[in-house]
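Each chain is listed here by its residues.
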Amino acid sequence: MTIIPVSGGAFAAYDVVVGRGLLAQAGAHIAPLAKGRTVIVTDETVAGIHAQALTASLTAAGVTSEIVAVPAGEGSKSFTELERVLDRLLEIGLDRKDVVIALGGGVVGDLAGLAAALFMRGIDFVQIPTTLLAQVDSSVGGKTAIDTPRGKNLVGAFHQPRLVLADIDVLATLPERQVRSGWAEVLKHGLICDAPFFDWLAGGGAAGAKGDPAALVRAVIRSVEIKSAVVGEDEKEAGRRALLNLGHTFGHAIETEVGFDEGALAHGEAVALGCCMAFRYSAGEGLCSADDVARVEAVVAAAGLPTRLDQAGSFAADRLLALMAGDKKAEGGALTLILARGIGQAFVAKGVDAAKVRAFLIEEGATA
Ligand SMILES: NC(=O)c1ccc[n+]([C@@H]2O[C@H](COP(=O)([O-])OP(=O)(O)OC[C@H]3O[C@@H](n4cnc5c(N)ncnc54)[C@H](O)[C@@H]3O)[C@@H](O)[C@H]2O)c1
Ligand SMILES: O=C(O)C(=O)C[C@@H](O)[C@H](O)[C@H](O)COP(=O)(O)O
Ligand SMILES: [Zn+2]
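Residues numbered from 1 in each chain as written. Chains lettered and ligands numbered in written order. Predicted model: local features only at pLDDT ≥ 70, side-chain atom pairs only at ≥ 80, totals over all residues. Heavy atoms only, no water.

The name given to the protein chain in an unreviewed UniProt entry is 3-dehydroquinate synthase, with Brevundimonas fontaquae as the source organism. Of the comments in the UniProt record for the protein chain, the one headed Sequence similarities (unreviewed entry) reads "Belongs to the sugar phosphate cyclases superfamily. Dehydroquinate synthase family." Recorded in UniProt under Catalytic activity (unreviewed entry), the annotation for the protein chain is "7-phospho-2-dehydro-3-deoxy-D-arabino-heptonate = 3-dehydroquinate + phosphate". (UniProt positions renumbered as here; feature names shortened; annotations may be inferred.)

Quick look at the structure:
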């Protein structure tokens, strides 16, 4: 078991516990936080596979729980499901001492976290991430949100969890495509600030993209260490935290354009494609080398992730550009992109010229 603390700024410090067999021990970890009841927010798929182990563990630790399940998939990051979850919390009669437990992937974590942030102006919540993506990224750092047809994560709150329990064993039931999707955020962490980690992911660690548990443990721990350090320094994305958005300005616009249809394009797939686009844009600006681009594309492709826009569909440049202008990093209508001077050397570029980005999108295959 490895414990990675997340601390800094104005929020209460918490631990991310990474290990095997943690779901069965969850009750013992959560009992000291839960003075009253707990509600497990999960999705219908995860409920059928992992909820029983969690409720048994909570009961054994003397913690009462109820389950609220939402449909699986990105569509649940919606006003409709948020309202439904909040209404269930009210109906159950939760109070401010009670705790919400998010058991699931990034969708459940983002939705349940936002519900916890809003319920009676904020109650505690615990993250039990069950996808690789959620273990390496979304369960840590307190970004919670729903989508709107106008864009990804546009309605949300910063609300840090009190505890994160990342049980590597629950990943054994995860479909291969979801493992690959989470792997994209792992690669992203190496690309942002850790070239030796990226080298390992490209070599000995590559087995993680195929579900090898030993590689996954190392990938989760290093990812959480990187994310924890960034969030501890800049909880609300005033500066450095924007680096964690590498690949997302392009990726979120593409996800929105495909209608948040994860059957067509999962979040991690959009991020992988977006990282390749960010490196190609950087190379076009003379910031990084063509060799860097070729290496990023090769490692992304070897993990079974998309590298080119046409793999996600057909897009109009102006539509993608309009969505990118609505990104939360945009300032006064000017674009902010996360670019790179090389592998492990990402930086925040403000005031990026929209005309250049439009020309780049057309080079990438978007229609004029
Ligand atoms: N808050 C953040 O910092 C942050 C970071 C990254 C991504 N996100 C968000 O996370 C979301 C994507 O999360 P995701 O990729 O985990 O998707 P997801 O939550 O939709 O999970 C993917 C699928 O896997 C299933 N599943 C989950 N755990 C399983 C298990 N152990 N076994 C079998 N099936 C399982 C789910 O039911 C779902 O169908 C996006 O909305 C993205 O915007 C948020
Ligand atoms: O934690 C962060 O900060 C991130 O940017 C992590 C991203 O992987 C994640 O997809 C996040 O939800 C994107 O945030 P947003 O602010 O661009 O909506
Ligand atoms: Zn992401």
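Enquirer: I keep staring at the coordination of the zinc ion (ligand 3) and nothing clicks. Help me out?
Expert: Octahedral metal centres with six donors ideally show angles of 90 or 180 degrees, and tetrahedral centres with four donors ideally show 109.5 degrees. Protein-derived coordination of the zinc ion (ligand 3) comes from Glu185 (OE), His248 (NE2) and His267 (NE2), at a distance range of 2.0 to 2.1 Å. Summarised as a motif, the one-chain spacing of the donors to the zinc ion (ligand 3) is E-x62-H-x18-H. Of the two residues, Glu185 is situated in helix H6 (residues 176-193) and His267 in helix H10 (residues 267-284); the sequence distance between them amounts to 82 residues. The exposure class of Glu185 is buried, given its relative accessible area of 1%. (Donors = N, O, S within 2.8 Å, 3.2 Å for Na, K, Ca; no water. Helix = DSSP H or I, 4+ residues; strand = E, 2+ residues; numbered from the N terminus. Buried < 20%, exposed > 50% of the residue type's maximum accessible area, 1.4 Å probe, protein only.)

Enquirer: For this particular structure, what's the right way to read helix H2 (residues 44-60)?
Expert: Think of an α-helix as turning once every 3.6 residues; residues three or four places apart then point the same way. With 17 residues, H2 should reach 24 Å at 1.5 Å per residue; the first-to-last C-alpha distance of 24 Å fits that figure. Taken together, the buried positions of H2 are Val46, His50, Ala51, Leu54, Thr55, Ser57 and Leu58. Where H2 is buried, its residues meet helix H1 (26-30), strand E3 (38-43), strand E4 (65-70), strand E5 (99-104) and strand E6 (124-129). With a side-chain oxygen positioned 2.9 Å from the backbone nitrogen of Thr45, the residue opening H2 is Asp43. One or two positions beyond H2, positive phi appears at Gly62, with a value near 80°. (Expected span 1.5 Å × (residues − 1). Contact = heavy atoms within 4.5 Å. Polar contact = N/O pair within 3.5 Å; in protein donor to acceptor, adjacent residues only side chain to side chain.)

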